[in-house]
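Below are the chains, spelled out letter by letter.
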Amino acid sequence: MSQQSNPFAGLMGTSEAKSLTEDYNSDKTLETNSDQSLDDKNVQTINNIVEDVFHFTINPLAIKGQSNKQLVFLEELAQAISPRIFIDLEALEQALFERLLLQDIEQYVLPKSQKVFKEHVIQKQVFIYLFSAMQNLQSYEQIETNPIKNAVKKMKELIFRNAVTALKQPALFEGQDFSIQLVDLLRNVDPQCHVFFMDLVKAFMSEDTEETQSQLRETMIPVLNRIHTDVNKCNIINLPIYILPSIQLFASNPHLAPILMDVVEPKNPEIGRFYEDTVFGALLGLSVLPRNNSYSQHFFDNPMDPAATSMVETSVWSAASHLTNNMHKTFLTLLKAGPPIKSRLLTWIGKCLKANVSRGKLANMGAEPLTATTVSDGFMLNLGAVLLQLCQPFCSHPDDPKALKIDPTYCAVSPEEATAKSVHLTCLYDETCLLPAKEDENGQTVKRPTADAYNFVTECFFMTQKCIDLGVRVSAEKLWRYGQELARTQRALGDPNTLPHLMETLRTRAQHLMKRYLSLRCALLESDSLTNLHRLQATACTWLAQVAARNVAGPASFAPATAVPIELPLTTPPPDTLRCIPEFVLENIVVLITMARRTVGAITEEADVAGLLQPALTLVLIFMGDSTRTYNPHLRARLAECLEAMLPNHPEDQQPLSNIASFHREQLFKENPHRLQLVPCLLEVFVGIEMTGQSVQFEQKFNYRRPMYLVMDFLWGIEEHREVFTHLADEAEANMEAVHPPIFLRFVNLLINDAIFLLDEALGNMAQIRTLQTEQESGAWDSLSAQERAARVSSLSHTGTLARFDNLLGRDTVRALVRLTAHAPKLFAHDTLADRVAAMLNYFLMHLVGPNKKNFKVKDMKEYEFEPARTVLDICRMYVQLGGYPRFCAAVSDDGRSYSPQLFQLAEDVLVRIGGGALITSLREVAARVSTIAEQRQREEEILANAPDEFLDPIMSTIMLDPVVLPSSRTTVDRTTIARHLLSDQSDPFNRSPLSMDQVKSNTELKGRIHAWIAEQKQLSQNTGTS
């Protein structure tokens, strides 16, 4: 072995290493006089090894003639065994102990004239010295002669014996902190350091008793505390290289693993933040995200520079991947360490998630998590990344059969039963589930089904899903909010109306928001974790579909176990296992797919192709339109949002997908075996938001519906989906007065409601904006105080935001109506809908083309998404499409609020200016039909003007042609009126009692009198005219 290749040459010194190479590797004995006995030779050989390994001697002349050699002279031992000058194995034990206790080592170094000392010779730290000796000793392990082999073995034993003595009796070694020395040992990147450390633990525990385990614990806890301190001093980029391997070292040793689990216990397990104050928590808290709100953002110092941002992201992603890979390795090692350690780790994870449940609740309210009580976003994302890696063995592909071992009843286990059933996550019992618990005839909650015990796959799945709920979901919602706030701030910066003194504040705010946005995006989009998340959720889609499709008997297990074919719509009763699955499992899937569309880089082409979206589409179709399997209307609406996120490229994409990704998404809607359920499911959830009887805020309702319009717009362009619309429209036309109104009829009714509300709100907001802008331009604001001017600017901005929202959604709603009136005009011209459609079109056409149209003319109409010309064109198209039906034309003429003979002429004038000339001829024909019918209706009104009050509808004040009696309020109304009312509200309008069309009774007696009176009045009129 050459000196260059000898790894211990630096520790031993040049001359020693050279001597070893030249002599022992060639199987030569050390130089001795020829007349020495064999024993004397062995003693001298051992002495020379001792001097090379331990750097001490009892021979004052040991370095004579060796200028480069330094040894510590053990004076007391030399006197005690004088005249002997060689250290044999018997004397070595005392010699080593004396050397370790020696103070002021420099004064004992030979030669005495030496002023510069070699570090390894005068090393005072016990463990650094002993490790150095162990390394030196390795050079002799290649020598095969028995005396040398035995000596090397004995020396190793002595090294570890003295190391153990030092740990057990630290008081003997004044001024030495062994925890520092052991950490320094771990800091050494040499793999032999870990071997030495583990051999030390093995020697320490040679007598495996409770007392020695307790002594080891007292020794190692300070070591782990120092590692913890080192973690707290760093960030994710500069984490010392030794820390993660050292933690893994503890996890892999059966004696150290329990100590590691002791150390990671928080001082109060019920307070979430305390988990981050442990060594595991400190490591999991390393992130591009700050540990709490008081920390500044460390990484994106120049957030407006894309190149700098990209460099930071690359560095952070690499470090985050390294961190979570190693933490996964540690967790996996602990899980394999035997039942006690496995249970302790799962308990730690379960309690950690339970203590941090408030993160999710605070996020729902749009608030920042309280860092005084919960862990950071970075902690929860990293813990989720680790758990996702643990899930990979059972979610390698969407149809992985191992995932069918997941038992859906896990979350229904009460805390009292948890231990007996091997459940470590006890906070899920009170979670809101896909279906509520059953109640018996006395109104008492029926106990949900639970299995006898739960496997690791089940526990790992639900722990990971809860962690995603508290980590990915919360962070994704924050990312979206920061993006929205950043966009508003940037709009304000570009708004010429913004007051000059606010500009610097807004710029600072924009930079701050951009840092937060980039940090969250970076934390969420680490490639490996994102890929693992896609795989888990693809598998979760398949598993949820299998659970929803059938009942499993139990009680040993309620897991699906095997896959069954899925046929939609599902006709089997919903299984009770859905009463055990928390809503967040479904919500997590929605979050991933919607985040993918909102956030550049959140989903890859590979993920699309690999199969996340196919099972997700099937899952959406199972749950979105089926309230018997998903009770919460908000969650079903979120599934529609998820559907919108699956679309191929569409005009409103901020960042278009690649061509291949867009193509695969288009094929998704053409090839999924259940795709023809898309339109019915969409209509069900559209109507369901309004018809549940549950609380859905008005504005939230429109937020939910907007993605549905985009999906319908896309589906309308695919023939087979358009045919489904046609079939449903035909069904509605054939059953207009059915006991239970067809879904398409209810859908159309709600579209009309929405269009009326949104367009009215939009016009009101545009008029208010014009008023504010006019005041500002006229100088009226100049006389106001700064506070009042700021209030006006704020009011203008807020009104503009509302107007933009109403204009966007109103435009989508009107677009849907234009398409449907062209495709199913007969439906809109029916008695049930014609009056409302006509009144709506008249009202908005009057405002947009009438004398008051200038009230809505504002600066920067595009900023508010206000397109009056487009709306006029759409309204005129609907007139033309419905104008062939006399009932519709009659409804237009009957509208006393907005219709006038001049209305269509005004519309013609506007159409000429906005490029709608092609519609003018058809619109004139409609106008003529309406005018003719209007004259006829005018004559009829005059004839029937004095109708008795009992003949008038109490809601519409018109003559009833088919009066019916409502069962609970006993009120008589026209059949058309109540039919129209029940499309939106299935209750008696006079006392709010539940009501359906099959419950109303015809008032035949009154109907006969009304028709007789009408005939009589017409006859009288005719007689009068003839005479």
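About the cut-offs
- Residues numbered from 1 in each chain as written.
- Predicted model: local features only at pLDDT ≥ 70, side-chain atom pairs only at ≥ 80, totals over all residues.
- Heavy atoms only, no water.
- Helix = DSSP H or I, 4+ residues; strand = E, 2+ residues; numbered from the N terminus.
- Rg over C-alpha atoms; globule rule 2.2 N^0.38 Å.
- Buried < 20%, exposed > 50% of the residue type's maximum accessible area, 1.4 Å probe, protein only.
- Contact = heavy atoms within 4.5 Å.
- Areas by Shrake-Rupley, 256 points an atom, 1.4 Å probe, with all protein chains shown as cover.
- Lys, Arg positive; Asp, Glu negative; His and termini not counted.
- Charge placed at Lys NZ, Arg CZ, Asp CG, Glu CD.
- 1 Å grid on protein atoms, 1.4 Å probe; cavity = no way out; pocket = protein on both sides within 12 Å on 5 of 7 lines; lining within 4 Å.
- Points joined across faces, edges and corners; volume = space filled by probe spheres on them.
- Nonpolar A, V, L, I, M, F, W, Y, C, P; charged D, E, K, R; others polar.
- Pairing = 2+ DSSP bridges.
- Expected span 1.5 Å × (residues − 1).
- Polar contact = N/O pair within 3.5 Å; in protein donor to acceptor, adjacent residues only side chain to side chain.
- Core = buried A, V, L, I, M, F, W, Y, C linked by side-chain atoms within 4.5 Å.
- Patch = residues over 30% accessible without salt bridge, like charges linked within 9 Å, V, L, I, M, F, W, Y side chains within 5 Å.
- Salt bridge = Lys/Arg side-chain N within 4 Å of Asp/Glu carboxyl O.
- Axes fitted to C-alpha atoms, helices over the stretch in contact; angles between N-to-C directions.
- Parallel < 35°, antiparallel > 145°, perpendicular 65-115°, else oblique.
- Left-handed = near helix turned anticlockwise from the far one by under 90°.
- Phe/Tyr/Trp six-rings, centres within 6.5 Å; stacked < 30°, edge-to-face > 60°.
- Lys NZ or Arg CZ within 6 Å of the ring centre and 35° of its normal.

Please give an account of the overall build of the protein that cites residues and values.
The helix and strand tally for the protein stands at 40 helices and six strands. Against the 2.2 N^0.38 benchmark of 31 Å for 1027 residues, the protein shows a C-alpha radius of gyration of 41 Å, more extended than a compact globule. Based on the C-alpha atoms only, the size of the protein along its principal axes is roughly 165 × 70 × 50 Å. Burial statistics for the protein: of 1027 residues in total, 53% are counted as buried. The long-range share in the protein, meaning contacts at least 24 apart out of those at least 6 apart in sequence, stands at 74%. By element, 51% of the accessible surface of the protein is carried by carbon and sulfur atoms, the whole surface being about 45500 Å². Computing the positive centroid from 97 side-chain charges and the negative centroid from 122, the protein places the two 2 Å apart.

Kindly report on the layout of surface pockets, identifying the contributing residues and their values.
Any empty space left between atoms is shown by rolling a water-sized probe over those atoms. Put simply, the second largest pocket is a space of about 1100 Å³. Lining the second largest pocket are 28 residues; nearest its centre among them are Asp835, Asp894, Arg937, Thr958 and Ile959. Elements that contribute at least two residues to the lining of the second largest pocket include exactly α34 (831-849), α36 (886-894), α38 (920-943), α39 (975-984) and α40 (1004-1026). Class assignment for the residues of the lining of the second largest pocket results in nine nonpolar, four polar and 15 charged.

Lay out the side chain of asparagine 47 in plain terms, naming residues and giving numbers.
Residue placement: asparagine 47 occurs in helix α3 (residues 38-54). If sequence neighbours within four positions are ignored, asparagine 47 has contacts with Ile85, Phe86 and Ile87.

Tell me about the sheet that holds strand β3 (residues 109-110), residues and numbers included.
Read from one edge to the other, the open sheet built from three strands follows the order β1-β2-β3, with strand pairing classed as mixed. Only two strands of the sheet have a single partner each, and these edge strands are β1 (56-57) and β3. Where strand β2 (residues 71-73) meets β3, two bridges bridge the pair, whose relative direction is antiparallel. Bridged to leucine 71 within β3 is leucine 110.

Kindly report on empty space enclosed by the protein, identifying the contributing residues and their values.
Inspection of the entire model under this criterion finds eight cavities of 30 Å³ or more. What lines the largest cavity is a set of 21 residues, and nearest its centre among them are Leu381, Ala523, Leu524, Glu526 and Ser529. Where the lining of the largest cavity is concerned, the elements lending two or more residues are α15 (306-335), α18 (377-391), α21 (503-524) and α22 (527-549). Here the residues of the lining of the largest cavity are counted per class, giving 15 nonpolar, five polar and one charged.

Account for the environment of valine 892, naming residues and giving values.
Note that valine 892 resides in helix α36. Among the residues examined, valine 892 registers a relative accessible area of 0% and is labelled buried. Sequence separation between valine 892 and glutamate 270 is 622 residues; the distance between their C-alpha atoms is 67 Å. Aside from chain neighbours lying at most four places away, what touches valine 892 is Ala838, Asn842, Tyr879, Tyr899, Phe904 and Val930.

Go over the environment of phenylalanine 828, please, and point to the residues and values.
By the element assignment, phenylalanine 828 lies in helix α33 (residues 825-828). On the basis of relative accessible area, phenylalanine 828 is assigned to the buried category, the value being 0%. Along the primary structure phenylalanine 828 and phenylalanine 888 are separated by 60 residues, whereas in three dimensions their C-alpha atoms are 7.9 Å apart. Non-local contacts of phenylalanine 828, meaning those with residues more than four positions away in its chain, are made with Val748, Ile752, Leu817, Leu820, Thr821, Leu833, Ala834, Val837 and Leu882.

Talk me through helix α26 (residues 633-645); I want residue IDs and the actual numbers.
Between its first and last C-alpha atoms α26 spans 19 Å; for 13 residues at 1.5 Å apiece the expected length is 18 Å, and the two agree. Among the 13 residues in α26, 12 count as buried, and that is most of the element. Within the span of α26, buried status applies to Pro633, Leu635, Arg636, Ala637, Arg638, Leu639, Ala640, Glu641, Cys642, Leu643, Glu644 and Ala645. One side-chain oxygen at the N-terminal end of α26 lies 2.9 Å from the backbone nitrogen of histidine 634; it belongs to asparagine 632.

Lay out the nonpolar core in plain terms, naming residues and giving numbers.
Among soluble globular proteins, nonpolar side chains are generally buried collectively. Ranked by size, the top nonpolar core spans 312 residues in total, and within it Phe54, Phe56, Ile227, Phe280, Met646 and Phe744 carry the most contacts. Beyond its immediate chain neighbours, meaning those up to four positions away, phenylalanine 280 contacts Ile247, Leu260, Met261, Val264, Met327, Thr330, Phe331, Leu334, Leu345 and Trp348.

Give me a nonpolar patch on the surface: which residues, what numbers.
Together, Ile955, Met956 and Phe990 line one region of the surface with nonpolar side chains, adding up to about 260 Å² of accessible area. On the secondary structure map, phenylalanine 990 appears in the loop between α39 and β6 (1001-1002).

Can you explain the sheet that holds strand β4 (residues 963-965)? Please cite residues and give values.
An order of β5-β4-β6 is seen for the three strands of this open sheet, with the pairing classed as antiparallel. One side of each edge strand has no neighbouring strand; the edge strands of this open sheet are β5 (972-974) and β6. The sheet contact formed by β4 and β5 spans three bridges and is antiparallel. Bridge pairing links proline 963 to aspartate 974 in β5. Sheet contacts for α39: β4, β5 and β6; angle to β5, the most-contacted strand, approximately 85°.

Would you mind going over the packing of α36 against α38 in detail, with residue names and values included?
Two quantities define a packed helix pair, namely the angle between the helix axes and the distance between the axes. Two elements in contact, α36 and α38, have axes whose closest approach is 8 Å; the angle formed by their N-to-C orientations is 65°. When the interaxial angle is binned, α36 and α38 end up roughly perpendicular. Every pair of crossing elements has a handedness; the one defined by α36 and α38 is right-handed. Counting all contacts with α36, which are made through Pro886, Cys889, Ala890, Val892, Ser893 and Asp894, the residues of α38 involved are Arg929, Val930, Ile933, Ala934, Arg937 and Glu941. A per-class count over the contact of α36 with α38 returns seven nonpolar, one polar and four charged.

Go over the environment of glutamine 181 with me, naming the residues and quoting the values.
Position of glutamine 181 relative to the elements: it lies in helix α9 (residues 178-187). Glutamine 181 gets classed as buried once you look at its relative accessible area, which sits at 2%. On a C-alpha basis, the gap between glutamine 181 and lysine 64 in space is 34 Å, while along the polypeptide they are 117 residues apart. In this structure, glutamine 181 is in contact with Gln125, Val126, Phe127, Ile128 and Gln176, ignoring residues within four places of it in sequence.

How would you explain α39 if you had to name every residue and give the values?
Structural remark: α-helix, 3.6 residues per turn; residues separated by three or four positions point the same way. With nine of 10 residues buried, α39 is to be regarded as a mostly interior element. All of the buried residues along α39 are Arg975, Thr976, Thr977, Ile978, Ala979, Arg980, His981, Leu982 and Leu983.

I'd love a proper account of unusual backbone geometry, names of residues and values included.
Put simply, serine 82 and proline 83 share a cis peptide bond, and its omega is 15°. Positionally, proline 83 belongs in the loop between α4 (75-80) and α5 (89-101). Between leucine 568 and the following residue, proline 569, the backbone shows a cis peptide bond with an omega angle of -5°. Along the chain, proline 569 falls in the loop between α22 and α23 (583-598). With phi around 50°, aspartate 104 is a residue other than glycine that occupies positive phi space. Mapping aspartate 104 onto the fold places it in the loop between α5 and β3. At arginine 970, a position not held by glycine, the phi torsion is positive, near 60°. Secondary-structure assignment places arginine 970 in the loop between β4 and β5. Looking at arginine 970, the relative accessible area reads 59%, which means it is exposed.

Go over the pattern of salt bridges with me, naming the residues and quoting the values.
Applying the stated criterion across every chain yields a total of 48 salt bridges. Ionic pairing is found between arginine 84 and aspartate 88, a salt bridge with its closest N-O pair at 2.9 Å. Accessibility expressed as a relative area gives 39% for arginine 84, which makes it partly exposed. A relative accessible area of 17% means that aspartate 88 is categorised as buried. In this structure, glutamate 106 and lysine 124 form a salt bridge, with 2.8 Å as the shortest nitrogen-oxygen distance.

Before we move on, could you go through the packing of aromatic side chains and cite the residues and values that matter?
One pass over the structure, following the stated rule, counts 24 aromatic pairs. Aromatic pair phenylalanine 127 and phenylalanine 178: ring centres 5.2 Å apart, planes at 85°, arrangement edge-to-face. Of this pair, phenylalanine 127 sits in helix α7 (residues 126-137) while phenylalanine 178 sits in helix α9, placing them 51 residues apart in sequence. With a centroid separation of 5.0 Å and an interplanar angle of 80°, the aromatic rings of tyrosine 843 and phenylalanine 844 are classed as edge-to-face. Grouping aromatic residues by their ring pairs yields a cluster made of Tyr410, Tyr454, Phe461, Phe462 and Trp543. When the ring centre of tyrosine 129 is taken as origin, the NZ or CZ atom of arginine 99, which lies over that ring, is 4.2 Å away.

The values are spatial; any link to function lies outside them.
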